[in-house]
Amino acid sequence: MVIGFFMILVDNTIVSVATPAISTDLDADVNSVIWVTSAYLLAYAVPLLVTGRLGDRFGPKNIYLLGLVIFTLASLWCGLTGSIEMLILARVVQGIGASLITPQTMAVITRTFPAAKRGSAMALWGATAGVATLVGPILGGVLVDSLGWEWIFFINVPVGIVGFFLAWRLVPVLPTHTHSFDWLGVALSGIGVFLVVFGIQEGEKYDWGQISGIISVPLLIALGILVFAAFIWWQGHIRKEPLVPLGLFRDRNFSLGNGGIAMVSLAITAMALPFQFYAQGARGWSPTESALLMAPMAVVLMVLSPFVGKLVDKVHPRNITLVGFGTATVSMAWLALIIAPDTPVWQMLLPMALFGVSNACMWAPLGATATRNLPMSSAGSGAGVYNTTRQIGAVLGSAAVAALIQARLTANGLGDSSSSVQASGRSMPEQIQGPFSDAMAQSLVLPVVAFAVGFVLMIFFARPSHAGHAGATPAAAQPVPVAE
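Basis of the calculations
- Residues numbered from 1 in each chain as written.
- Predicted model: local features only at pLDDT ≥ 70, side-chain atom pairs only at ≥ 80, totals over all residues.
- Heavy atoms only, no water.
- Helix = DSSP H or I, 4+ residues; strand = E, 2+ residues; numbered from the N terminus.
- Areas by Shrake-Rupley, 256 points an atom, 1.4 Å probe, with all protein chains shown as cover.
- Phe/Tyr/Trp six-rings, centres within 6.5 Å; stacked < 30°, edge-to-face > 60°.
- Buried < 20%, exposed > 50% of the residue type's maximum accessible area, 1.4 Å probe, protein only.
- Axes fitted to C-alpha atoms, helices over the stretch in contact; angles between N-to-C directions.
- Parallel < 35°, antiparallel > 145°, perpendicular 65-115°, else oblique.
- Left-handed = near helix turned anticlockwise from the far one by under 90°.
- Nonpolar A, V, L, I, M, F, W, Y, C, P; charged D, E, K, R; others polar.
- Polar contact = N/O pair within 3.5 Å; in protein donor to acceptor, adjacent residues only side chain to side chain.
- Contact = heavy atoms within 4.5 Å.

This paragraph deals with the overall build of the protein chain. Looking only at helices and strands, one finds 20 helices and two strands in the protein chain. Carbon and sulfur atoms provide 70% of the accessible area of the protein chain, an area that totals close to 17,800 Å².

Turning to the packing of aromatic side chains, a few remarks are in order. Summed over the entire model, instances satisfying the criterion amount to ten aromatic pairs. Here the aromatic rings of Phe-228 and Phe-231 are separated by 5.5 Å at their centres, their planes lie at 40°, and the arrangement is tilted. With a gap of three residues between them, Phe-228 and Phe-231 both fall in helix α10 (residues 217-237), about one helical turn apart. The class for Phe-228 is partly exposed, based on a relative accessible area of 30%.

Right, let's talk about the packing of helix α9 (residues 183-202) against α10 for a bit. Orientation of α9 relative to α10, taken along the N-to-C sense of each, is 155°, at an axis distance of 8 Å. Relative to α10, the element α9 lies roughly antiparallel. α10 is crossed by α9, and the crossing has left-handed handedness. Taken together, the residues of the contact of α9 with α10 sort by class into 18 nonpolar, six polar and one charged.

Turning to the side chain of Ser-331, a few remarks are in order. In this structure, Ser-331 sits in helix α14 (residues 317-338). Note on Ser-331: relative accessible area 0%, which makes it buried. At 2.9 Å, the side chain of Ser-331 and the backbone oxygen of Ala-328 are in polar contact. If near-sequence neighbours (up to four positions away) are discounted, Ser-331 is found in contact with Pro-351, Leu-354, Phe-355 and Ser-358.

One non-glycine residue, Asp-27, lies in the positive phi region at around 55°. Note on placement: Asp-27 falls in the loop between α1 (2-25) and α2 (30-45).

This part covers the packing of α14 against helix α15 (residues 345-360). Interaxial distance between α14 and α15 falls to 8 Å at its minimum, and their mutual angle equals 165°. Considered as vectors, α14 and α15 are oriented roughly antiparallel to each other. In this structure, α14 meets α15 at a crossing whose hand is left-handed. Facing α14, whose interface residues are Gly-324, Thr-327, Ala-328, Val-330, Ser-331, Met-332, Trp-334, Leu-335 and Ile-338, α15 presents Gln-347, Met-348, Leu-350, Pro-351, Met-352, Leu-354, Phe-355, Val-357 and Ser-358. Along the lines of polarity and charge, the residues of the contact of α14 with α15 split into 13 nonpolar, five polar and no charged.

This part covers the environment of Asn-359. On the secondary structure map, Asn-359 appears in helix α15. Between the C-alpha atoms of Asn-359 and Val-264, which are 95 residues apart in sequence, the distance is 8.6 Å.

The structure is reproduced here in structure tokens:
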């Protein structure tokens, strides 16, 4: 199951390194090409609340396989498109497929492993998420340089086919639970998130003023917040089963884990775009050369993840996560301070290696601690809430950093950033290298702040109990008929 999970998470970040190539090939400005990422993240995030519930009702294996088919076919569509508009539409469909896959992977872990031993299993899940987030740009750089940007999507097709047959053959069919579906809640949550994200990302384009008639950017954002507040109110008053069981948030660690993963996802998404724009724009490096700057993160993360996984079940989660968020804050601030047109490469590799330590100490501990005490009947909905929070963080990070990049470019006298982005891989005029680098460094303040907020949240983690189910028995791990 982590094959499919890895594939969809790679798509969260792989596009960042291909953004300049897509912008040039499809003649798109920076705001349009960033929607290639934001549309995917938004379509991924909004349905997660209901797709987790679908896994509880119809079985996580069945929903996982359906999502894998949709995602794989949409990937093929992405690679075959010839316009930015069609690419954004294909990415929306791809995001819907991803939203069907993600909660099922986490729910199967929750329902299969006993609480006291779930840390090691969740470490694999968390390491997969972390490695995919960091390896995406590296893989993207190699593919863009050697075969073209289309292949960052084509590569998903054979992986999706292999993942489908392995899951069909090996993943057990778990018992199902009857759930009702809160469609009003789905509508309210989707509309609220979309209005906020659209307002943030398009704000700079309209100078944070009027869009048309009485519609303004601040009004859109305010309406989005109000609609989302109405969604929360509705979840507390619906007579049938709510889309988001608010009772889950009575568990302090579940609430803090959701807040922490939102900050991680927001910060990593917000870090990737300005860093790649700097590397390819100000430095003129190729996509592969730019992506390899992130290699120390992936190497350190892969080495440390197994050791951190063993610690998750033995030590207080606060200890591990404070190290993760603390080193992440330091590494991003360090990187922002040294970015310049002539910074030696080795100086950038050091904060990147430290960032690998951070990721090893954030992904697995957060996931294991947040889900440790979930009741089995709510495994899917709990996983859906957790992953929705993670994806909303990524969506907001993408939208916010797009607005921040444009604002800092304007403040540094460069105006619209599309010409700078399209200069990637070629020599940028020397007179704008400095201001462009400064704008990208200033944009990194967003991930610094997000990680600092996460650090404060982790202080309040409580030591979890090891109470819970004993895990799936050998018999339960074998395929059984799905409950009708």
